[in-house]
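Structural features, examined
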Amino acid sequence: MDMSVFDLFKIGIGPSSSHTVGPMVAARRFLLDNAPLDDVAEVKAELYGSLALTGIGHATDKAVLLGLMGETPQDVAPTSVDQQLADAEAAGQLKLLGAHAVPFKRGTHLVFHMAESLPEHPNGMRFTLTRKDGSSISKVYYSVGGGFIREEGEEAAAAVAGVAVPYPFGTMDELLAHGVRSGLTIPQMLRANECARISDDALNAGLDKIWHVMRDCIAHGLDTPGQLPGGLNVKRRAAGLWAQASKGTPANSLPHDAMHQVSLYAMAVNEENAAGGRVVTAPTNGAAGIIPAVLRYYAEDCKPSDPVTGVRNFMLTAAAIGMLCKRNASISGAEIGCQGEVGVACAMAAAGLVAALGGSNGQIENAAEIGIEHHLGMTCDPIGGLVQIPCIERNGMGAVKAITAASLALKGDGTHFVSLDEVIETMRQTGADMQAKYKETSLGGLAIHVITVNHAAC
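Predicted model, so just to flag it, every value in this text is computed and none were measured. (Residues numbered from 1 in each chain as written. Predicted model: local features only at pLDDT ≥ 70, side-chain atom pairs only at ≥ 80, totals over all residues. Heavy atoms only, no water.)

1. Some remarks on the nonpolar core
- Counting 98 residues, the largest nonpolar core has Phe-9, Met-214, Ile-291, Phe-314, Ile-321 and Leu-420 as the members making the most contacts within it.
- With 13 residues, helix 15 (residues 342-356) is the largest single contributor of residues to this core.
- For this core, the domains that each give at least three residues are domain 1 (17-151) and domain 2 (172-438).
- If we ignore the near neighbours within four places in the chain, the residues touching Phe-9 are Ile-210, Met-214, Val-280, Thr-281, Ala-282, Ile-291, Met-315, Ala-318, Ala-319 and Met-348.
- Val-43, Leu-47, Met-125 and Phe-127 belong to the second largest nonpolar core, which has 33 residues in total. (Core = buried A, V, L, I, M, F, W, Y, C linked by side-chain atoms within 4.5 Å. Buried < 20%, exposed > 50% of the residue type's maximum accessible area, 1.4 Å probe, protein only. Helix = DSSP H or I, 4+ residues; strand = E, 2+ residues; numbered from the N terminus. Domains from an automatic or database assignment. Contact = heavy atoms within 4.5 Å.)

Written as structure tokens, this is what we have:
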């Protein structure tokens, strides 16, 4: 496996890992790969497929411009974004990588090809750089989910040069077999693999930082009321519901406080994401609330004796599941629908919770399989191209499903009928069969039905 836990968990900004984080990274990489830039006369960015169809709602236009200006998802200040872009548009120019100014005009230097897709993935983009002598260079990149990007033909050109790890795996069957031979748990094997690349101290520090950002995101979301941007006038609900829950149990409440709180944690994160705030891809932005919510449930409601180690084991195990889903299917809503985002995040969280609670490798696999199985066929049909409806509530539901999956697995002995490898392959095939209008294009499903009804009512 040529991925790291820090490939699955990346600090960035909302609202989308594939439509915001990936394009920002690709734009910056294009310029860095073609430096020096002193003699550049013009840069043009063209968006295709899902990036064009839902690009405005997913802030792809903003992300591309920020990337050309040299910003990175992990370092850009979310509160500075609108002002930076307003200044650039008012001046009619972009400062490439923050230094070299070139002309900029929407429609000329940033183009949306709504009716055209590029061949290797629905999330395609082309950047063209023209120098003052008239020569130009053009490159195509694909944003393949979770903030991962790939240059056109990159996979076919050469295999990724990876570091040899003690427990290589491409399937869950292979990882389970390593466990039988070594007597190690899944988080122990993932730790050994990571420590072939970095020190144990660096791994722990990185995991702790990711958890810190996740915790802060939940806290900020639970404390921030108001309305989400984008034009749908969606009200942020997590803060109000949290305040209500904190006052005690209303007369019309059901006796499930802990689970209600979990759904609010997840919704708080995804409201932050929808507002363009700081989030962690887990494994995507659209599903970023599930793992933090279940982690907080573990740390606060499960009363662990060693929460620090438990959280680290949770994240390592969750990453293993995410790696398998990305490698053998996809984590891109534009490629296989929301089953690849919310479904995968649910599986990752369920497996992580079982590991943190000391479950066996078989129980970990069982929990992950349950998490994906009950999201098979879930479409990605965001209303207005925004990561708001149904995305925010789906995270709340996905977090609750993850805890249920973990509970079912822990009550069993690890044996089950459908294997994780089989359900991942089923997810891949289901995504391939799904019509494009249900895969993050906003051309079908809720996106069309709700907007049509609203227009008819006007």
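2. Re the layout of surface pockets
- In this structure, the second largest pocket encloses a volume near 580 Å³.
- Taken together, 32 residues form the lining of the second largest pocket, with Lys-62, Pro-229, Ala-274, Ala-275 and Gly-276 sitting closest to its centre.
- Elements represented by at least two residues in the lining of the second largest pocket include exactly helix 2 (17-33), helix 4 (60-68), helix 5 (81-91) and helix 11 (257-274).
- Per element, the largest residue contribution to the lining of the second largest pocket is four residues, and it comes from helix 4.
- Split by domain, the residues of the lining of the second largest pocket number at least three in each of domain 1 (17-151) and domain 2 (172-438). (1 Å grid on protein atoms, 1.4 Å probe; cavity = no way out; pocket = protein on both sides within 12 Å on 5 of 7 lines; lining within 4 Å. Points joined across faces, edges and corners; volume = space filled by probe spheres on them.)

3. Here we look at the packing of aromatic side chains
- Inspection of every chain in the model, using the stated rule, returns three aromatic pairs.
- On the numbers, 5.6 Å between centres and 25 degrees between planes, the contact of Phe-30 with Phe-127 is stacked. Note that Phe-30 is positioned in helix 2 and Phe-127 in strand 6 (residues 123-131), a separation of 97 residues in sequence.
- Since its relative accessible area comes to 0%, Phe-127 is described here as buried.
- Measuring from centroid to centroid gives 5.7 Å for Trp-242 and Tyr-265, while their planes differ by 50 degrees, and the two rings are tilted. (Phe/Tyr/Trp six-rings, centres within 6.5 Å; stacked < 30°, edge-to-face > 60°.)

4. Overview of the UniProt feature "domain: Serine dehydratase beta chain" (unreviewed entry) in the protein
- The sites that UniProt annotates as "domain: Serine dehydratase beta chain" (unreviewed entry) are residues 4-153.
- The straight-line gap between the two end C-alpha atoms of residues 4-153 is 22 Å; of that span, 31% is helix and 32% is strand. (UniProt positions renumbered as here; feature names shortened; annotations may be inferred.)

5. Section: empty space enclosed by the protein
- In total, this model carries two cavities of 30 Å³ or more according to the counting rule given.
- Empty space within the largest cavity amounts to approximately 170 Å³.
- Formed jointly, the lining of the largest cavity draws a minimum of three residues from each of two domains, domain 1 (17-151) and domain 2 (172-438).

6. Quick look at the sheet that holds strand 6
- Strand order in the open sheet formed by five strands is 5-2-6-7-8, and the pairing between neighbours is mixed. Unpaired on one side and paired on the other, strand 5 (110-113) and strand 8 (148-151) mark the two borders of the sheet. Here the average twist between neighbouring strands, direction ignored, is 25 degrees.
- Packed onto the sheet, helix 2 meets strand 2 (40-48), strand 6, strand 7 (136-145) and strand 8 and runs at close to 150 degrees relative to strand 7. (Pairing = 2+ DSSP bridges. Axes fitted to C-alpha atoms, helices over the stretch in contact; angles between N-to-C directions.)

7. Here's the deal with the pattern of salt bridges
- Here the structure, examined in full by the defined rule, presents 17 salt bridges.
- Here Arg-106 and Asp-61 are joined by a salt bridge, their closest N and O atoms 3.2 Å apart. Taken together, the positions of Arg-106 in the loop between strand 4 (100-103) and strand 5 and Asp-61 in helix 4 put the pair 45 residues apart, joining distant regions of the chain.
- Residue Arg-106 is classed as partly exposed on the basis of its relative accessible area, which comes to 34%.
- Judged by relative accessible area, Asp-61 falls into the buried class, the value being 6%.
- For Asp-82, the salt bridge identified is with Lys-62, shortest N-O distance 3.3 Å. Of this pair, Asp-82 sits in helix 5 while Lys-62 sits in helix 4; the two residues are 20 residues apart in sequence, bridging distant segments of the chain.
- Among the residues examined, Lys-62 registers a relative accessible area of 33% and is labelled partly exposed. (Salt bridge = Lys/Arg side-chain N within 4 Å of Asp/Glu carboxyl O.)

8. A short note on the side chain of Ser-4
- Structurally, Ser-4 is set in the segment before helix 1 (5-8).
- The buried category is assigned to Ser-4, whose relative accessible area is 11%.
- Here the side chain of Ser-4 touches Phe-6 through a polar contact of 3.1 Å, landing on its backbone nitrogen.
- If we ignore the near neighbours within four places in the chain, the residues touching Ser-4 are Glu-194, Arg-197 and Met-323. (Polar contact = N/O pair within 3.5 Å; in protein donor to acceptor, adjacent residues only side chain to side chain.)

9. What to know about unusual backbone geometry
- With an omega of 10 degrees, the peptide bond running from Gly-14 to Pro-15 counts as cis.
- Structurally, Pro-15 can be placed in the loop between strand 1 (10-13) and helix 2.
- Between Ile-389 and the following residue, Pro-390, the backbone shows a cis peptide bond with an omega angle of 10 degrees.
- By the secondary structure assignment, Pro-390 is in the loop between helix 16 (361-373) and helix 17 (391-410).
- Positive phi, close to 60 degrees, is recorded for Asn-233, a residue that is not glycine.
- One can find Asn-233 in the loop between helix 9 (200-222) and helix 10 (238-246).

10. Comments concerning the packing of helix 12 (residues 290-301) against helix 15
- Running from amino to carboxyl end, helix 12 crosses helix 15 at an angle of 20 degrees, the nearest separation of the two axes being 9 Å. For the element pair helix 12 / helix 15, the angle class is roughly parallel. The interaxial crossing formed by helix 12 with helix 15 has right-handed handedness. Residues Ile-290, Ile-291, Val-294, Tyr-297 and Tyr-298 of helix 12 touch helix 15, and the partners they reach there are Val-342, Ala-345, Cys-346, Met-348, Ala-349, Leu-353 and Ala-356.
- Along the lines of polarity and charge, the residues of the contact of helix 12 with helix 15 split into 12 nonpolar, no polar and no charged. (Parallel < 35°, antiparallel > 145°, perpendicular 65-115°, else oblique. Left-handed = near helix turned anticlockwise from the far one by under 90°. Nonpolar A, V, L, I, M, F, W, Y, C, P; charged D, E, K, R; others polar.)

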